[in-house]
Amino acid sequence: MELSTGDRARAGLVKALREAYDVDPTRPLATAVRANLRHLWQHGGRKGDNGPGRQPEWIYIRKSFVVQPADGPAPAMSRLIKSRGLQLRLFLLMLFDAQCRCGPSDTVRNVRWISGSPAEEYEPWRQLVLSETLPTTGTARTAAALRARQITEAMRALEDEHLLQLPRQRPDGARRRYDPDANGASWQLHAESSTAEEHPRYVVPEPRTAFRIAPAFFTNLWVFALTDTELAAYLALAMLRDQFPARHQQQGVYLRADHREERFRLARATWRATELLHRFRLVDRARDPRRNFRTGKVGDRDNRWANRQVMPALFTVNDTALDRPALDAIHQVLTAPTDEDQLRREKGQAAVDEARAFSAL
């Protein structure tokens, strides 16, 4: 099967992540990161501690991270969407780390170094982050060093967006300090709604003030396997699911173009990422006889005026799809799609269910 240009490029990104390594070139970094994130969720992340941790059923994110408040600045999520860089992934990872270690009434503090040493109590951030690196042969630019630099650059970007406060090193106070000092003091994570004018300390949210995503989003590496636009589209749909639970269950949720642009500050190109989320089975897009399922276009030129009031596309979020390891799932869908994958892409999950029911007769 010949891949499309877009699928080939997307598969290349996944291949690079599958082949990434840190210090040991014989052990894929994805294997180490997945094991460390699972340990963090199950046991709290302290090395050698295999007792039961907090094991949160859901990871909660405040709605203000995704939706712009009235007369406020653009939400942080839209400001973090970039073609390159780890800032959006790293911030989400920091929320996961905080909620696996702390409860709503606890003080959230950083316990990790960027690189650290085997003697540290917790795995360093470099062992929790999956990213592609291209070491330069014959120089000190190793994969591990490049990944550490990617993380510090992302932290500076988060500070620029007021989501993180990095202490400065003495005596001149000009250089940022990324690791805890001798007393354990470190940088401060700020709330999801932080702005230049107001940036409160991060506190684990109460469920009623936030929307939820499953821990498998992190432990199966979806947070790293998805692009920034795919992450943004997924988080927006997850927020809408929790805001309109009955509608989500009965028919699916939708996002009008004006709300997408004015409240979520998401470009049309970002929202197009829902097509890949559908192909990866993270969401279902409802069939609409008035739309071309692949392109989303409504009617033909002669009927366009009559169809002007057609509803936006409807979506439901599939938490069970997160149970598959992300890199394997995406690579399979893009490079070796099954008949069901092809049918799902062309006509949607409803067509797959119909085909299954027919074959069972």
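Look up a bit, the structure's there.
Here we summarise the structure given alongside this text. It should be emphasised that the depicted structure is a prediction, and the values quoted were computed from it without experimental measurement. (Residues numbered from 1 in each chain as written. Predicted model: local features only at pLDDT ≥ 70, side-chain atom pairs only at ≥ 80, totals over all residues. Heavy atoms only, no water.)

## What about the nonpolar core?
Most often, soluble globular proteins keep nonpolar side chains buried together rather than apart.
Next, step 1: One finds F65, L90, L130, M155, I213, F217 and W222 to be the most contacted residues of the largest nonpolar core, which totals 95 residues.
Next, step 2: Leaving out residues up to four positions away in the same chain, I213 has contacts with W58, I59, I61, F218, Y234, L235 and A238. (Core = buried A, V, L, I, M, F, W, Y, C linked by side-chain atoms within 4.5 Å. Buried < 20%, exposed > 50% of the residue type's maximum accessible area, 1.4 Å probe, protein only. Contact = heavy atoms within 4.5 Å.)

## Things to note about the packing of helix α1 (residues 5-19) against helix α13 (residues 326-335)
Next, step 1: Between α1 and α13, the shortest axis-to-axis distance is 10 Å and the interhelical angle comes to 150°. On the basis of the axis angle, α1 is roughly antiparallel to α13. Crossing geometry of α1 relative to α13 is assigned as left-handed. Where α1 abuts α13, its residues D7, R10, A11, V14, L17 and R18 lie against L327, D328, I330, H331, L334 and T335. (Axes fitted to C-alpha atoms, helices over the stretch in contact; angles between N-to-C directions. Helix = DSSP H or I, 4+ residues; strand = E, 2+ residues; numbered from the N terminus. Parallel < 35°, antiparallel > 145°, perpendicular 65-115°, else oblique. Left-handed = near helix turned anticlockwise from the far one by under 90°.)

## Considering the side chain of Q99
Next, step 1: Structurally, Q99 can be placed in helix α4 (residues 87-101).
Next, step 2: Since its relative accessible area comes to 5%, Q99 is described here as buried.
Next, step 3: Within the structure, the side chain of Q99 is placed 2.7 Å from the backbone oxygen of Y60, a separation counted as a polar contact.
Next, step 4: Polar side-chain contacts of Q99 include one of 3.1 Å to the side chain of Y202.
Next, step 5: Residues within four places of Q99 in sequence aside, it is in contact with R54, P56, W58, I59, Y60, Y202, V204 and P205. (Polar contact = N/O pair within 3.5 Å; in protein donor to acceptor, adjacent residues only side chain to side chain.)

## Observations concerning the pattern of salt bridges
Once the charged atoms of two side chains with opposite charge are near each other, the side chains can pair.
Next, step 1: Here the structure, examined in full by the defined rule, presents 25 salt bridges.
Next, step 2: Across the pair D22 and R126 runs a salt bridge whose closest N-O atoms are separated by 2.7 Å. With D22 in the loop between α1 and α2 (29-43) and R126 in the loop between α4 and α5 (143-160), the pair connects residues that are 104 residues apart, well separated along the chain. No difference in accessibility class separates D22 from R126, as the two residues are buried.
Next, step 3: Where D242 meets R241, a salt bridge forms, and the shortest distance between an N and an O atom there is 3.5 Å. One exposure class covers both D242 and R241, and it is buried.
Next, step 4: Each of R212, R241, D242 and D319 takes part in salt bridges that share partners, so that together they form one network. (Salt bridge = Lys/Arg side-chain N within 4 Å of Asp/Glu carboxyl O.)

## A few points about the side chain of D341
Next, step 1: Its place among the elements puts D341 in helix α14 (residues 339-347).
Next, step 2: The exposure class of D341 is buried, given its relative accessible area of 8%.
Next, step 3: In this structure the side chain of D341 is engaged in a polar contact, spanning 2.7 Å, whose partner is the side chain of Q332.
Next, step 4: At a separation of 2.9 Å, a polar atom in the side chain of D341 contacts the main-chain amide nitrogen of T338.
Next, step 5: If we skip the residues at most four places from it in the chain, D341 touches R281, Q332 and V333.

## A short note on the packing of α4 against α5
Next, step 1: The N-to-C vectors of α4 and α5 enclose an angle of 85°; their axes lie 9 Å apart at closest approach. When the interaxial angle is binned, α4 and α5 end up roughly perpendicular. Contacts between α4 and α5 involve Q87, L90, F91 and M94 on the former and, on the latter, I151, A154, M155, A157 and L158.
Next, step 2: Class assignment of the residues belonging to the contact of α4 with α5 gives a composition of 8 nonpolar, 1 polar and no charged. (Nonpolar A, V, L, I, M, F, W, Y, C, P; charged D, E, K, R; others polar.)

As far as function goes, none of this settles anything; it's purely spatial.
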